[in-house]
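One-letter residues, chain by chain:
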Amino acid sequence: MQENTKRIIKEDIEAIRAYSEIFGVEMPDLDENGEVVGLPAPYPREVAGVVRSGYRVYELAKLAEERGMPIQNPILGRNNPEEHLRESMNMYSYAEKLGETVLHFVHSEATRHLDPLKARELIEQSRGKGGVTPQGERDFVQQGGGSRHPIRINATGDMPHISILNALIAGFDMTDVGPVIHCHFGGRGIQDYRTKLVNGFKALQICAENNIYVQLDSQKHVNNIGGTPGMGLAMVLLAEGMAHLAGLPWELSAIQINIGGNNLFADQAVMRAFRQVMQSKALVVVPETFQNPPGNLVAEAAHFARMAVSAKIGGANFYRPKAAESVGIPTGESMGQAIWGTYDVFSHTVNIKLNDPEIDKRQQEIVDEAMAVLEAALNRKNLEPEDITDAFWESFTIEELIDCIFHAGRAGILDCQRAGGWDLKRHVKIHRDKDGYVRYIKGYTPLGVDESRLTVTDEDVKVVIEKAPTKPQKIVLATVGADAHVNGINVIREAFMEAGYEIIFLRGMNLPETVAEVAAEAGADAIGVSNLLGLGQTLFPRVGQRLQELGLRDRMVVWAGGRIAEKEEEQKMFHDRIAKEGVGFLGVDAFFGPSSTPEQCEKEIERLLGEKAGV
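Residues numbered from 1 in each chain as written. Predicted model: local features only at pLDDT ≥ 70, side-chain atom pairs only at ≥ 80, totals over all residues. Heavy atoms only, no water.

Novice: Go over empty space enclosed by the protein with me, naming the residues and quoting the values.
Specialist: For the structure on display, the rule yields one cavity of 30 Å³ or more. Its volume calculated, the largest cavity comes out at about 190 Å³. Lining the largest cavity are 17 residues, and of these P229, A266, D267, R432 and G436 lie nearest its centre. Top contributing element to the lining of the largest cavity by residue count: helix α11 (residues 264–277), with three residues. The residue inventory of the lining of the largest cavity, partitioned by class, reads seven nonpolar, six polar and four charged. (1 Å grid on protein atoms, 1.4 Å probe; cavity = no way out; pocket = protein on both sides within 12 Å on 5 of 7 lines; lining within 4 Å. Points joined across faces, edges and corners; volume = space filled by probe spheres on them. Helix = DSSP H or I, 4+ residues; strand = E, 2+ residues; numbered from the N terminus. Nonpolar A, V, L, I, M, F, W, Y, C, P; charged D, E, K, R; others polar.)

Novice: I'd like to hear about a negative patch on the surface, residue by residue, with values.
Specialist: On the surface, D368, E384, E386 and D387 cluster together into a negatively charged patch. Here D368 falls in the partly exposed class, since its relative accessible area comes to 30%. (Patch = residues over 30% accessible without salt bridge, like charges linked within 9 Å, V, L, I, M, F, W, Y side chains within 5 Å. Areas by Shrake-Rupley, 256 points an atom, 1.4 Å probe, with all protein chains shown as cover. Salt bridge = Lys/Arg side-chain N within 4 Å of Asp/Glu carboxyl O. Lys, Arg positive; Asp, Glu negative; His and termini not counted. Charge placed at Lys NZ, Arg CZ, Asp CG, Glu CD. Buried < 20%, exposed > 50% of the residue type's maximum accessible area, 1.4 Å probe, protein only.)

Novice: Report on the sheet that holds strand β17 (residues 526–531), specifying residues and quantitative values.
Specialist: What the five strands build is an open sheet, ordered β16-β15-β17-β18-β19; its pairing is parallel. For this open sheet the edge positions go to β16 (502–505) and β19 (590–592), each flanked by a neighbour on one side alone. Put simply, the sheet's adjacent strands are angled 20 degrees from each other on average, direction ignored. Direction of pairing for β17 relative to strand β18 (residues 557–562): parallel, over a ladder of six bridges. The residue of β18 that forms the bridge with N531 is G562. The strands touched by helix α21 (residues 598–612) within the sheet are β17, β18 and β19, with β19 carrying the most contacts at an inclination of about 175 degrees. (Pairing = 2+ DSSP bridges. Axes fitted to C-alpha atoms, helices over the stretch in contact; angles between N-to-C directions. Contact = heavy atoms within 4.5 Å.)

Novice: Can you break down the packing of helix α8 (residues 193–210) against helix α10 (residues 229–245) residue by residue, with the values?
Specialist: How two helices pack is summed up by the angle between their axes together with the distance between the axes. Look at α8 against α10: their axes get within 9 Å of each other, and the N-to-C directions meet at 50 degrees. Viewed along their axes, α8 and α10 adopt a mutual orientation that is oblique. Like other packed secondary-structure pairs, α8 and α10 cross with a definite hand, here right-handed. Contacts from L197, F201 and L204 of α8 reach α10 at M242, A243 and L245. (Parallel < 35°, antiparallel > 145°, perpendicular 65-115°, else oblique. Left-handed = near helix turned anticlockwise from the far one by under 90°.)

Novice: I'd like a description of the nonpolar core, backed by residues and values.
Specialist: One finds Y213 and F318 to be the most contacted residues of the largest nonpolar core, which totals 118 residues. Looking at this core, the element that brings in the most residues is α10, giving 10 residues. Listed in part, the 29 residues of the second largest apolar core include A516, I527, L535 and M556. (Core = buried A, V, L, I, M, F, W, Y, C linked by side-chain atoms within 4.5 Å.)

Novice: Before we move on, can you summarise the packing of aromatic side chains with the specific residues and values?
Specialist: Counted by the stated rule, this structure contains 11 aromatic pairs. For the pair F496 and W559, a centre-to-centre distance of 5.3 Å together with 25 degrees between the ring planes defines the contact as stacked. Residue F496 is located in helix α17 (residues 487–498), and its partner W559 is located in strand β18; the two are separated by 63 residues in the primary sequence. For the pair shown, F496 and W559 are each scored as buried. Among the aromatic residues, those joined into a cluster by ring pairs are F392, W393 and F396. Cation over ring: K97 sits above Y94, and NZ or CZ is 5.6 Å from the ring centre. Positioned over the ring face of Y444 is K429, at 5.9 Å from the centre of the ring. (Phe/Tyr/Trp six-rings, centres within 6.5 Å; stacked < 30°, edge-to-face > 60°. Lys NZ or Arg CZ within 6 Å of the ring centre and 35° of its normal.)

Novice: Break down α10 for me, with residues and values.
Specialist: Look at α10: 25 Å from first C-alpha to last across 17 residues, which is about the 24 Å you get at 1.5 Å a residue. By the criterion of burial, α10 is predominantly enclosed, with 16 of the 17 residues buried. Just past α10, the residue G247 takes up positive phi, approximately 90 degrees. (Expected span 1.5 Å × (residues − 1).)

Novice: I'd like a rundown of the environment of V50, residues and numbers included.
Specialist: Here V50 is to be found in strand β4 (residues 50–52). C-alpha separation for the pair V50 and G144, spaced 94 residues apart in sequence, amounts to 9.2 Å. Look past the residues within four positions of V50 in its chain and what remains in contact with it is R45, R56, G146 and S147.

Novice: Any chance you could break down the pattern of salt bridges for me, citing the residues and the numbers?
Specialist: Enumeration over the complete set of coordinates arrives at 33 salt bridges. Here R17 and D29 are joined by a salt bridge, their closest N and O atoms 2.8 Å apart. Remark: D29 occurs in strand β1 (residues 29–30) and R17 occurs in helix α2 (residues 13–23); sequence separation between them is 12 residues. A relative accessible area of 35% means that R17 is categorised as partly exposed. A residue is classified by how much of its surface remains accessible, and D29, at 27% relative accessible area, is partly exposed. Of the charged contacts in the structure, one is a salt bridge between E137 and R112, with a shortest N-O distance of 2.0 Å. Within this pair, whereas E137 is found in helix α6 (residues 134–142), its partner R112 is found in the loop between β6 (104–106) and α5 (120–125), the two being separated by 25 residues in sequence. For the pair formed by E137 and R112, the shared burial category is buried. If you follow the salt bridges from partner to partner, you end up with R7, E11, D12 and K202 in one network.

Put into structure tokens, the structure is as follows:
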């Protein structure tokens, strides 16, 4: 009957209509009697000649277990539907030569993650970057996408339930939601944390009622923003509680985790810890992202191979092959070669069960931390892994569970070092030790959680803490455009704070003009902006243009970081142009791409500030 889906459409009809208008797609609406029209039937349902259903993905998860080899989950999403189809078919050709079915993660355009009622200007100025458009989803399916290889779309952010409605109409078998932790706890820069949770629950209700497969939550994103595996597991379990209360069958739920490849025991321990406690039926394993990719791509490929070995030995259901880390959005050819290389690793890696007390010890540490975090977040005592059952979650109403999660974020119980939720408390600091394990630094463990149940590093770690500035210059840092990637700019923030500068940090999702105006009002000496979606040529010059209008461009240093181009084939062109003519066409005084270090950035900006001051 889709009663929850219809109720949600009625509740958020104005946002759905705004989404329809901005992105140019027909969405469900209300008739003159206030009843929902234009809502397709739930899965299983035939779309473009193929019966679509989340259970297509579940069958692949079972196949992985039966044959002892993960199903590959490549990521590829292009804005133009014809280009996207061409590159996807090129990628598929590699899998089909191997006789493999893949689960295609179609990466979506970044702007669709925002609330269309609150962020229209930001959406309109950042359109066409980050992946396939809402209309492109529909075109891709009608042109043959998903006919043999099931397809998933990402629907995280402020309004995931609206993106999932579009995916249901289009014919996508799977989505991801990330209601608790995805990206940086809060929304993608517009919504507060509680609204993020409420809308995540709505998304789960729609998935449950329409048989859409869900990548429910992701330890990978906790890892990206400086969290521990134990914290990641605790947050995933909270997401599972929400999913159960939404009515999602465990057969339609998967959990995503990172593996690093630099310590086989560490990788096995985290996979086993999640398997021990989670109720979702599948594990999606993703290679850990390099923060500073090696220049030698042969070495980089070797590192990806080590991660593939870990995934197979650990019994992953799905594994995401990676093209070279430094290429941006890959071509179908690059992704196809990654599929071929990963298959070669899988087919030549013997299935073995590693038995070592070090794995058991680390697994227990991860589970113990997760239970300690859950006890603090849910105000329960003496929780054991076997207590986390359907009946346990049914002891909460959804309102009670959301309240617990929200207050745990506000209190610093749920915490990661570089999380960007503006309304949540931040305290923890972590360190990756020489053995590859991520541990807390003493004195910087999650607030309100029993420190004796957490792993703390023994290594001598220099802690970057906020301190009184020792230099006279003031710097504004922000991402511009509909970009949720805040890890890199957090690293730069820490480096400049440690160097003694006063920092005004605007986090993610800002209009370039807003950044310039904040800098003017604050009397700043420099502005650093970032964008990883390939919008640099469009957005970066607007910072300087607004400063020029305010009569301040000559007295401020403006620099940028991230990517100028999002696509692999465009990246080299821009780097060659910078080498030939400098960074003037970007409207900045300096640019730092993915291979740059914080030290290089700080040294160059110090020099430019000195020039401005006549030193």
